[in-house]
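Given next are the chains, with one letter for each unit.
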Amino acid sequence: MSKPNDLVQGTLDLLLLKILALEPQNGWAISLRLRSLSGDVLQVSEGSLYPALHKLEQEGWIKAEWKQTENNRRAKFYSLTRLGRKQLESEAANWQRLSSAISHVVQLSEA
Amino acid sequence: MRLEHWWFTAPLRLKSIFRRRRVERELDEELQFHLENKIEEGITAGLTPEEARCRALRAMGGLDQRREEIRDTRRIHWLTDFVDDVRYAVRSLRRAPGLTAVVVITIALGIGMTATPFSMLDALVFRPYPVPHPGRVVTLVSTSHDKSVDNFSYREYLDISDNTKSYDGVIANAALQGVGFAAEPGATPRVRGGILVSGNYFDALGVVPQLGRGFREDEDTVPGRDAVVVLSPDCWKREFAGDPSVVGRTIRLNGMDFTVIGVAPDSFTGMYIFSRPDFYIPLAMARTFSSNPRKDLLLDRDDRELVVRARLKPGATLELASNELALLAKNFEREYPKLNRDRGAAVRTQFQMRTRDDDVNWKFGLIFTILALAVLLVACTNVAGLLLSRASTRTREIAVRLAIGAGRFRLVRLLLTESLVLALLGGLVGIGIGYAGIELLRQFTIPTELPVKIPFRMDTRVLAASFALSVLSAFFCGLVPALQSTRTDLVSGLKSADGDAPGRKRLWGRNALVVAQLSMSLMLLAVAFLMFRGFQNSLLGGIGFPKERLLMARFDPRLVQYDAAQTEHFYKLLVERVREAPGVQGATLMQNPPLGLDAFDSVAFVPDGFVMPLNREHFTSTMDIVDERYFETLQIPILRGRGFRPSDTAEAPRVTVVNERFAKHYWPGADAVGKRIRLDGAAGPPVEIVGVVQNVVYKDSVSKPEDFVYLPLAQRPAGRLVLMVRTSDEPLQMVSSLKEIVRTLDPNLPMSETRTFEDLYRYAAVDGPRVAIELVGTLGAVGLLLAIAGLYGVVAYSVSRRTREIGIRMAIGARPADVLRLVMSKGLSLVGMATVIGLALGFAVERLMNSMLFNAGGIDVLVYLIVVPAMLLVTALAAYIPARKASRIVPTLALRCE
């Protein structure tokens, strides 16, 4: 599986879960969202997006439904499941712990 | 958490498996949607449609790779691959229908041949008791120096029940016995099977009656008080047409009124392999069913007739229970030094009880199963050989696959799937063959009126075993060819047309297969022949007296409540009248006929003036009670002394007649006539041996001959007797006049087991062995057939691979005879090797069989003199046919063909 550039491994899942927690989305919209949210800081290749989504689906964290988009085309919309919400909470908490620990270390003054 | 996870994911997996197409279509649609959006985005940004499309695809980073990645996330790869492999296997097998048919039939024969004996072994050894948690039910046995498995007396049973802590209930039952049954008081009683059981029998076993109730504990405490009976489901359906109002009815057993209190459930077929009791009766009613007026089951501490079983408490181990019981046995010995001297006790599992050393049935089952497995092995090696030759014609295909990047493991898996498909097809057909075989076994009829059933059947356990064997044989046949063919050297495999560099290694494998097959079938044939000869020898000797023109019938005056005097009077009149009937040459009474289904009683004795070995108090011998016309009527030769006489009355000095083996055993080199023995221990009454008679076959034709003591009926009265009539014509013509005589004596007295003695003989000495020989013979024949096919295959294969070489040889001057010799010598050297190994195997199995069954001892040379040359002949033929074909190769054609 190709790894997203410059993305800490495993954080893609967290990002996807978070985006879907806001509202159900289709794949294309998710990719746009990823780009706009993180600016150019987080580069997620479109290629790795779908395998990641399918993996989350198979884990039972998100579920998919076919719905119409605004311009009346059929697309697969993903939304968070109960299990996924739990997963998001625990991953987010993990991320908080990890990032605060790292920033704590980084901010140590070199006295 | 785990469960919740499954709740969400299981439907997805199922969808991926069963709606595969749809899932794929949706995936395409999803990716397509993304691409289209991306392209539109590009066009809006001012790119040409072409450029936009390119950019979109590039951003995806390879559509097909993405698809594969996504498929991987579904985690059903193993399955979809397997399904693909199966599809591929079916397709490629369809392209080779001949090979497929041969392989399937070969495996089917192997599996089918195994299913039949395994069903026997299963019934005899493995099938659990038909009760809940059968594994916790153990048997408690009494042990003495001459019996490793003996029963307990009722008194001992009570003590065990009261003084052990390892069990949730200790139960006891007596042996199945004939019971005179009448559904209404007025009806003529018929003989059915009843079994005396302790009051807690059903409760402790966990068996809940389907109608009414089981026994209450107190129904087993006061002798003779509670005349209640529980019916078996079979009996309920047969005798009462499954009428639910039977509970509360009064029926008659041995002339006494009993109240039906319940019907056992359909699942409970009893605790025995062969017999299924009709009636369960509390032990406290034992006196109504006693066969021996001199003994009282409920009082005599040494009347050991009860099988004692118990259910282990949760947490109790076999070891603890054993120690506890051994301790108890020590206490018995201390308290009753006379009755329990040197008597121990042990706890045995069901498996241990069924694989007892003194039982031959399971040994037959085991031998057959092992032999059948050998046939299966032959079949498998044969199939492996065929697959191997097929694999080498596929070298090219496999090399191509390897070259374009298939993993070796993946290819081995594919090839194994192919053999799995073959093996399962074979297994399916094989189960059909096995089913037919088992039906054949079930046709066997046992000459008895007691409820005895042939327990062999095709049940889920046999099916599961067959299935497991199929899978196993798939691996066995498939692995070697799969590994070998994927080891191909890529370059040479691709270069040569049908890649054949006859590497030493590969040929070695094939040759080993053929040698294994041939030696195995040689062994099988030898064993089949040995068994045949063994049985033949045991039949040839005869049974010790002429078995023709004998009619037998059993009577039991206890069924109509005769007392001792009435019984004696009845038999006296019966014999007198029968002897006067036309066409009768002689008539005699005995307790049990030779070769009968009932076991002979045994008698404890001490030879007078004999110094007993320190560790034992008495010897035991099987015995029969017979009247004074016994030897004369059966025509058993009296070797020394005399037979019984009318003058040997109850008041006269006590006498006995023994068989030759007994006499030689205790008085080797001396005349036993005139010697005395004391019956029932050293303090018992002295009995003089007045005659020695020739040995007779008492039990069946395979058992070892045994010591035998005859006691005169007048001095040891018995109620349940067999009348044997020697007629001058066809004995069955006598039946109606015999019935008439009995009817005039007492119309209520049932006459049972009315049949010719030859029927009994056929069952005991001919039918069983014949089935056995047929089974092994079939195994051997199938094995040889398979092995011949295998040898033929190998030689034909090597000829076809060497066509070009042979062509060259002939082109430079080899004559057909030279080619013939070349090819034949190859086949024959294999046969030679196989013969040596097969002989070694045969000798080993023969020794095993001699120690288990026949008493022949030594090696039966004739068997090998017949089997070995016969095998050499057929195998030579199998090698000759392809060799001759090779010798007719036309050099020009052979050289041009590649």
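What counts as what
Residues numbered from 1 in each chain as written. Chains lettered and ligands numbered in written order. Predicted model: local features only at pLDDT ≥ 70, side-chain atom pairs only at ≥ 80, totals over all residues. Helix = DSSP H or I, 4+ residues; strand = E, 2+ residues; numbered from the N terminus. Buried ≥ 20, exposed ≤ 12 C-beta atoms within 10 Å, placed from the backbone. Contact = placed C-beta atoms within 7 Å. Pairing = 2+ DSSP bridges. Expected span 1.5 Å × (residues − 1). Nonpolar A, V, L, I, M, F, W, Y, C, P; charged D, E, K, R; others polar. Core = buried A, V, L, I, M, F, W, Y, C linked by C-beta atoms within 7 Å. pLDDT = per-residue confidence, 0-100. Axes fitted to C-alpha atoms, helices over the stretch in contact; angles between N-to-C directions. Parallel < 35°, antiparallel > 145°, perpendicular 65-115°, else oblique. Left-handed = near helix turned anticlockwise from the far one by under 90°. Arc of directions from axis to C-beta.

Please set out the overall build of chain A residue by residue, giving values where relevant.
If you tally the helices and strands in chain A, you get 4 helices and 3 strands. Reading chain A from its N end, one meets helices and strands in the order α-β-α-α-β-β-α. Within the span of chain A, comprising 111 residues, buried residues form 32% of the whole. Sequence separation of 24 or more characterises 56% of the internal contacts of chain A that already satisfy a separation of 6 or more.

Any chance you could break down the overall build of chain B for me, citing the residues and the numbers?
Along its length, chain B carries 27 helices and 23 strands. In chain B, the share of contacts with a sequence separation of at least 24, taken over all contacts with a separation of at least 6, comes to 82%.

Give a description of the pairing of strand β9 (residues 256-263) of chain B that names residues and reports values.
Residues and elements named next belong to chain B. Alignment of strand β6 (residues 211-212) against β9, held across 2 bridges, turns out to be antiparallel. Residue pairing in the sheet places Leu211 in a bridge with Val263 of β9. Summarising the sheet, strand β7 (residues 228-231) and β9 pair through 4 bridges and their orientation is parallel. Residue pairing in the sheet places Leu231 in a bridge with Val263 of β9. Direction of pairing for strand β8 (residues 250-253) relative to β9: antiparallel, over a ladder of 4 bridges. What sits directly across from Leu253, in β9, is Met256. Linking β8 back to β9 in an antiparallel pair, the connection comprises 2 residues, with Asn254 at a positive phi of about 50°.

I'd like to hear about helix α1 (residues 11-22) of chain A, residue by residue, with values.
Between its first and last C-alpha atoms α1(A) spans 17 Å; for 12 residues at 1.5 Å apiece the expected length is 16 Å, and the two agree. Among all positions of α1(A), only Leu12(A), Leu15(A), Leu16(A), Leu17(A) and Leu20(A) are buried.

Please provide a residue-by-residue account of the interface of chain A and chain B, values included.
On the side of chain B, 20 residues touch chain A, which itself brings 20 residues to the contact. Those elements giving two or more residues to the side of chain A that touches chain B turn out to be α2 (27-38), α3 (46-59) and β3 (74-80) of chain A. Sorting elements by how many residues they give to the side of chain A that touches chain B places α3(A) first, with 9 residues. Residue composition of the side of chain A that touches chain B, grouped by class: 6 nonpolar, 8 polar and 6 charged.

Could you give an account of the nonpolar core, naming the residues involved and the relevant values?
Residues and elements named next belong to chain B. Counting residues in each nonpolar core, the largest one holds 96 residues, and the members touching the most others are Val375, Leu524 and Ala526. Discounting chain neighbours no more than four positions away, the residues touching Ala526 are Gly842, Val863, Tyr864 and Val867. The next biggest cluster of nonpolar side chains, apart from the first, holds 62 residues, and it includes Ala553, Ile625, Tyr698 and Met724.

Go over unusual backbone geometry, please, and point to the residues and values.
Excluding glycine, residues mostly carry a negative phi; peptide bonds, for their part, are mostly trans. All names here are of chain B. Within the chain, His133 stands out as a residue other than glycine whose phi angle is a positive 45°. Structurally, His133 is set in the loop between α6 (97-126) and β1 (137-144). By the C-beta count within 10 Å, which is 13 here, His133 ends up partly exposed.

Break down the sheet that holds strand β2 (residues 62-68) of chain A for me, with residues and values.
Residue and element names in this part refer to chain A. Spatial ordering of the open sheet is given by β1-β3-β2, a layout of 3 strands whose pairing is antiparallel. This sheet does not close on itself; its edge strands, each paired only once, are β1 (25-26) and β2. Across 7 bridges, β2 lies against β3 in antiparallel orientation. Bridge pairing links Trp66 to Lys76 in β3.

Break down the pairing of strand β10 (residues 279-282) of chain B for me, citing the residues and quoting the values.
Residues and elements named next belong to chain B. Neither face of β10 is left uncovered, since the one carrying Phe279 and Ile281 and the one carrying Tyr280 and Pro282 both have all their residues buried. Pairing of strand β5 (residues 190-197) with β10 involves 4 bridges; the strand directions are parallel. Bridge pairing in β10 links Ile195 to Tyr280. The sheet contact formed by β7 and β10 spans 2 bridges and is antiparallel. Its bridge partner being in β10, Leu231 is matched across the sheet by Phe279.

Help me get a handle on the confidence of the model for chain A, residues and values and all.
For chain A, mean pLDDT is 81; residues scoring 70 or higher make up 83% of the total. In this model residues 1-6 of chain A is a low-confidence stretch, pLDDT under 50, and it forms 17 contacts with partners more than four residues away in sequence or in other chains.

Break down the confidence of the model for chain B for me, citing the residues and quoting the values.
Residues and elements named next belong to chain B. On average, residues of chain B score 83 in pLDDT, and 92% of them reach the 70 mark or higher. A low-confidence stretch, residues 497-504 (pLDDT under 50), is modelled with 12 contacts involving residues beyond four sequence positions or located in other chains. Scoring of the predicted complex yields 0.68 for pTM and 0.83 for ipTM.

Give a description of the packing of α1(A) against α3(A) that names residues and reports values.
Packed helix pairs are characterised by how far apart their axes lie and by the angle those axes make with each other. All names here are of chain A. α3 packs onto α1 with a crossing angle of 75° between their chain directions and a minimal axis gap of 10 Å. The angle between the axes of α1 and α3 places the two elements in the roughly perpendicular class. Facing Leu12, Asp13 and Leu16 of α1, the residues of α3 in contact are Ala52, Leu53 and Leu56. Taken together, the residues that form the contact of α1 with α3 break down as 5 nonpolar, no polar and 1 charged.

Account for the packing of helix α2 (residues 20-44) of chain B against helix α3 (residues 49-60) of chain B, naming residues and giving values.
Residues and elements named next belong to chain B. It is the contact of α2 with α3, at a shortest axis distance of 8 Å, that shows an interaxial angle of 130°. Relative to α3, α2 is oriented oblique. The handedness of the crossing between α2 and α3 is right-handed. On α3, the residues touching Leu35, Lys38, Ile39, Gly42 and Ile43 of α2 are Pro49, Glu51, Ala52, Arg53, Arg55, Ala56 and Ala59. A per-class count over the contact of α2 with α3 returns 7 nonpolar, 1 polar and 4 charged.

Help me get a handle on helix α14 (residues 395-403) of chain B, residues and values and all.
Residues and elements named next belong to chain B. Among all positions in α14, only Thr395, Ile398 and Ala399 are buried. Along the long axis of α14, the arc covered by the buried residues comes to 100°, so they all point the same way. Gly405, located one to two residues past α14, shows a positive phi value of around 105°.

Before we move on, could you go through the environment of Thr892(B) and cite the residues and values that matter?
Residues and elements named next belong to chain B. Residue position: Thr892 is located in helix α27 (residues 891-896). Overall, the presence of 11 C-beta atoms within 10 Å leaves Thr892 in the exposed class. In this structure, the C-alpha to C-alpha distance between Thr892 and Gly807, residues 85 residues apart in sequence, is 7.2 Å.

Pulling in residues and values, what's your account of the environment of Val696(B)?
Residue and element names in this part refer to chain B. By the secondary structure assignment, Val696 is in the loop between β20 (686-693) and β21 (708-712). Measuring from C-alpha to C-alpha, the distance between Val696 and Gly542 comes to 8.7 Å, with 154 residues separating the pair along the chain. Once residues lying within four places of it in the same chain are set aside, the contact partners of Val696 are Ile543, Gly544, Phe545, Pro594, Ile636 and Asn659.

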